[in-house]
Amino acid sequence: MRKFFAAILTLIFVILLPIALYAQSIKSTVFKPAFYKSELVKHSIYQKVLDEISRQLFASEMVESMGEIPLFSVDEVQGILEEIITPDWLQENVEMVIDKAFTWFNSDQDIQEVEIIISLVDLKNQAVEILNSTMTKKFDSLPECNPQDLERLSEGFEGGSTCRPLGITADNLRQYIDITEFIDILPDQLDVMGLLSGEVTFGEVEDENVQAPFEADEIFKMLTEWRRMIHLAFLALNFLYVLLAVFFVLIIVLVMKSVRSVIRWAGFNLLISGIILFISALLARDLFERYVLANMEMGGISAVLVSALQSILRDLLTAIIGVIRIEGVIGLVLGFILFAISFIIKKKFKLANHR
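Residues numbered from 1 in each chain as written. Predicted model: local features only at pLDDT ≥ 70, side-chain atom pairs only at ≥ 80, totals over all residues. Heavy atoms only, no water.

Novice: Would you explain the overall build of the protein chain in this entry?
Specialist: Assigned secondary structure in the protein chain consists of 14 helices and two strands. For the protein chain, the proportion of contacts with a sequence separation of at least 24, taken over those separated by at least 6, is 77%. (Helix = DSSP H or I, 4+ residues; strand = E, 2+ residues; numbered from the N terminus. Contact = heavy atoms within 4.5 Å.)

Okay, here's the thing in structure tokens:
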């Protein structure tokens, strides 16, 4: 009867132990902000995102129909924007958002009380400096206008300018094109959560009567519910570790007929758990590639970004099963050693003889 109960507990143990180790590996990988920060840099996501935004923005029919603005072509404006909004700037702000998100996740704070403020002051100052510098270089490089050019210019700066009026300098030009005034239209800071919730609008004064969009409110509720469920899962994992410890002790007590039997049952538990962990880790990658990554479709996103996202998910799985594979090998080796030792120890070497 003792062996029967020990066998039942062993079956439960070798099923629950791999589940607990998988859950622990997921917890220690998925819920660490450092992983996502390093992955975004590793796969050049910031540069790829900016390239994709630039491609979509300047390939639109609206931009193509604009023609050239004074002094600058659309291609030149694109180059200026790419010089102003850099991957380093995007990385700094995305990492700040990641830190804020995980701080909220590890707390009980209401999601709508989270402050995610992106400062635009340095960006605006840099934009004014780059635009003024570029405009000055472009204007000074133009040849002087002939009478026909002057007649055309008298009608206004329509399209790109091809010449420079005699006696007119870039300082004179800035009197007509005030870049600072144009840039100052943008706010000094961007309240991300305020924009998402509808409590503030871009560049406008906060209005208490503005209601949050239905979609945003639903997303906030969903994220809050996910956080609650994941926190409960963390508590369940802690309880599972306690339960496994109790089961292991009970198994040892039930088979405590001799040192030989104790070592054999302990080795058997570790050996079977190690086999399950090792085999499942080998199968996980193939199943993930076949049923998740291969069927991954994201409409409206370029193939380059989808491929980068797939690489990140692949690295995430590798980090998870890498730990599981090592634990499986440890369980296999240690279990085999204990199992082998149990056959070396003489059967008559009983615990009762040492009391």
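Novice: I'm lost on the packing of helix α13 (residues 259-293) against helix α14 (residues 303-344) in this one. Help?
Specialist: Angle between the axes and distance between the axes are the two parameters that describe a pair of packed helices. For the pair α13 and α14, the least separation of the axes is 6 Å and the interaxial angle reads 160°. Classified by the angle their axes make, α13 and α14 are roughly antiparallel. The two elements α13 and α14 meet at a crossing, and its hand is left-handed. Residue classes in the contact of α13 with α14 are distributed as 25 nonpolar, eight polar and seven charged. (Axes fitted to C-alpha atoms, helices over the stretch in contact; angles between N-to-C directions. Parallel < 35°, antiparallel > 145°, perpendicular 65-115°, else oblique. Left-handed = near helix turned anticlockwise from the far one by under 90°. Nonpolar A, V, L, I, M, F, W, Y, C, P; charged D, E, K, R; others polar.)

Novice: So what exactly am I meant to see when it comes to the pattern of salt bridges here?
Specialist: Side chains that carry opposite charge are capable of pairing whenever their charged atoms lie near each other. Counted according to the given criterion, the structure contains eight salt bridges. Here Lys-37 ties to Asp-99 by a salt bridge, and the two come within 2.6 Å at their closest N and O atoms. Of the two residues, Lys-37 is situated in helix α2 (residues 33-42) and Asp-99 in helix α6 (residues 87-105); the sequence distance between them amounts to 62 residues. Here Glu-289 and Arg-314 are joined by a salt bridge, their closest N and O atoms 2.5 Å apart. Highlighted residues: Glu-289 in helix α13 and Arg-314 in helix α14, separated in sequence by 25 residues. (Salt bridge = Lys/Arg side-chain N within 4 Å of Asp/Glu carboxyl O.)

Novice: Sorry if this is basic, but what is going on with a nonpolar patch on the surface here?
Specialist: Among the surface-exposed residues, Ile-275, Ile-279, Leu-283, Leu-287, Tyr-291 and Val-292 lie close enough to one another that they form a single nonpolar patch of about 540 Å² accessible area. Note on placement: Leu-287 falls in helix α13. (Patch = residues over 30% accessible without salt bridge, like charges linked within 9 Å, V, L, I, M, F, W, Y side chains within 5 Å. Areas by Shrake-Rupley, 256 points an atom, 1.4 Å probe, with all protein chains shown as cover.)

Novice: Before we go on, may I ask you to explain the side chain of Thr-10 in this structure?
Specialist: Checked against the element boundaries, Thr-10 lands in helix α1 (residues 2-30). Looking at Thr-10, the relative accessible area reads 4%, which means it is buried. Excluding its chain neighbours within four sequence positions, the residues that come into contact with Thr-10 are Ile-251, Trp-265, Phe-268 and Asn-269. (Buried < 20%, exposed > 50% of the residue type's maximum accessible area, 1.4 Å probe, protein only.)

Novice: Any chance you could explain the confidence of the model for the protein chain here in plain terms?
Specialist: Atomic detail in the predicted coordinates should be set aside for any region of low pLDDT. Summary statistics for the protein chain give a mean pLDDT of 81 and a share of 83% for residues scoring 70 or more. Here residues 203-210 is a poorly scored stretch, pLDDT under 50, and it has five contacts once near neighbours within four places are set aside; other chains count. Low pLDDT (under 50) marks residues 348-355, which in the prediction has 11 contacts with non-local residues, meaning those over four places away or in another chain. (pLDDT = per-residue confidence, 0-100.)

Novice: Looking at this structure, I do not really get the nonpolar core. What am I missing?
Specialist: In globular proteins that are soluble, nonpolar side chains generally tend to be buried together. In terms of nonpolar packing, the biggest core is built from 27 residues, with Phe-13 and Leu-244 touching the most fellow members. Going through the elements one at a time, α1, α12 (214-254), α13 and α14 are the ones with two or more residues in this core. Setting aside anything within four residues of it in sequence, one finds Leu-244 in contact with Phe-13, Leu-16, Leu-17 and Ala-20. If you look at the next biggest cluster of nonpolar residues, it comprises 17 residues, including Leu-123, Ala-127, Met-135 and Ala-170. (Core = buried A, V, L, I, M, F, W, Y, C linked by side-chain atoms within 4.5 Å.)

Novice: Teacher, can you tell me more about the packing of helix α3 (residues 45-58) against α6 here?
Specialist: Orientation of α3 relative to α6, taken along the N-to-C sense of each, is 110°, at an axis distance of 9 Å. Here α3 lies roughly perpendicular to α6, going by the angle between them. Here α3 and α6 pass one another in a crossing that is right-handed. When α3 is examined against α6, the residues Tyr-46, Gln-47, Val-49 and Leu-50 are found in contact with a partner set consisting of Pro-87, Leu-90, Gln-91, Val-94 and Glu-95. Looking at side-chain class alone, the contact of α3 with α6 contains six nonpolar, two polar and one charged residues.

Novice: Can you help me understand unusual backbone geometry in this one?
Specialist: Of note, Ser-44 is a non-glycine position whose phi angle comes to about 55°, a positive value. By secondary structure assignment, the location of Ser-44 is in the loop between α2 and α3. Residue Ser-44 is classed as partly exposed on the basis of its relative accessible area of 38%.

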